[in-house]
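Spelled out from the first residue to the last, the chains are:
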Amino acid sequence: MGYRRLGLLSAHRRAMLRNGVTSLLREERIETTETRAKELTRLANKMITLGKRGDLHARRQALAFLTDEDVVTKLFENLAPKYAERSGG
């Protein structure tokens with residue numbers, strides 16, 4: 001299995017992870033369990049990678065996953081340039 005189920009139904013799990021990643025990118029730090037944090041890290045890295053790409057398609061993919069348009073703007077304008085030199089997400 002490629003992911004942790006976290007004891008949730010798939011729709012609840014997806015919603016919780018979407019909200020968690022959105023909150024993490026907005027606040028840049030959140031408090032959660034270690035298991036959930038490991039799953040959030042995977043998805044946050046994917047969002048940062050989209051931000052580093054910076055094209056229109058990447059922005060639309062990020063908008064499809066994240067729940068707040070202001071967070072997507074912050075991701076592409078502030079957060080992604082911070083991690084431009086790092087390999088990975």
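Residues numbered from 1 in each chain as written. Predicted model: local features only at pLDDT ≥ 70, side-chain atom pairs only at ≥ 80, totals over all residues. Heavy atoms only, no water.

1. Some points on the nonpolar core
Turning to step 1, where the next piece is worked out: In this structure, Val21, Leu25, Met47, Ala62, Leu66 and Leu75 are the most contacted members of the largest nonpolar core, which totals 18 residues.
Turning to step 2, where the next piece is worked out: Residue assignment for this core shows that the elements contributing at least two residues are α1 (10–27), α2 (34–53), α3 (56–65) and α4 (69–82).
Turning to step 3, where the next piece is worked out: Setting aside residues up to four positions removed in sequence, Ala62 forms contacts with Met47, Leu50, Val72, Leu75 and Phe76. (Core = buried A, V, L, I, M, F, W, Y, C linked by side-chain atoms within 4.5 Å. Buried < 20%, exposed > 50% of the residue type's maximum accessible area, 1.4 Å probe, protein only. Helix = DSSP H or I, 4+ residues; strand = E, 2+ residues; numbered from the N terminus. Contact = heavy atoms within 4.5 Å.)

2. Some words on the pattern of salt bridges
Side chains carrying opposite charge are able to pair once their charged atoms draw close together.
Turning to step 1, where the next piece is worked out: Tallied over the entire structure, the rule returns eight salt bridges.
Turning to step 2, where the next piece is worked out: The partner of Arg4 in a salt bridge is Glu39, with the nearest N and O atoms 2.9 Å apart. Taken together, the positions of Arg4 in the segment before α1 and Glu39 in helix α2 put the pair 35 residues apart, joining distant regions of the chain.
Turning to step 3, where the next piece is worked out: You can call Arg4 partly exposed: its relative accessible area is 33%.
Turning to step 4, where the next piece is worked out: Glu39 gets classed as buried once you look at its relative accessible area, which sits at 2%.
Turning to step 5, where the next piece is worked out: For the salt bridge of Asp55 with Arg53, the shortest nitrogen-to-oxygen distance reads 3.6 Å.
Turning to step 6, where the next piece is worked out: One network of salt bridges, in which partners are shared, links Arg4, Arg13, Glu39 and Arg42. (Salt bridge = Lys/Arg side-chain N within 4 Å of Asp/Glu carboxyl O.)

3. What to know about the environment of Arg5
Turning to step 1, where the next piece is worked out: Of note, Arg5 is situated in the segment before α1.
Turning to step 2, where the next piece is worked out: Arg5 sits 31 residues away from Arg36 along the chain, and the two C-alpha atoms are 9.8 Å apart.

4. Quick notes on α1
Turning to step 1, where the next piece is worked out: Over its 18 residues, α1 runs 25 Å from end to end, which matches the ideal 26 Å to within 8%, given 1.5 Å per residue.
Turning to step 2, where the next piece is worked out: Among the residues of α1, Arg13, Met16, Leu17, Gly20, Val21, Thr22 and Leu25 are the ones counted as buried.
Turning to step 3, where the next piece is worked out: Turning to α1, the residues buried within the fold contact α2, α3 and α4.
Turning to step 4, where the next piece is worked out: Two residues or fewer after α1 comes Glu28, characterised by a positive phi angle close to 65°. (Expected span 1.5 Å × (residues − 1).)

5. Thoughts on α2
Side chains of residues three or four places apart in an α-helix project in the same direction, reflecting 3.6 residues per turn.
Turning to step 1, where the next piece is worked out: Its 20 residues give α2 an end-to-end C-alpha distance of 29 Å, which sits within 8% of 28 Å, the value for a rise of 1.5 Å per residue.
Turning to step 2, where the next piece is worked out: Buried residues along α2 sit against α1, α3 and α4.
Turning to step 3, where the next piece is worked out: Once α2 ends, the next one or two residues include Gly54, with phi positive near 75°.

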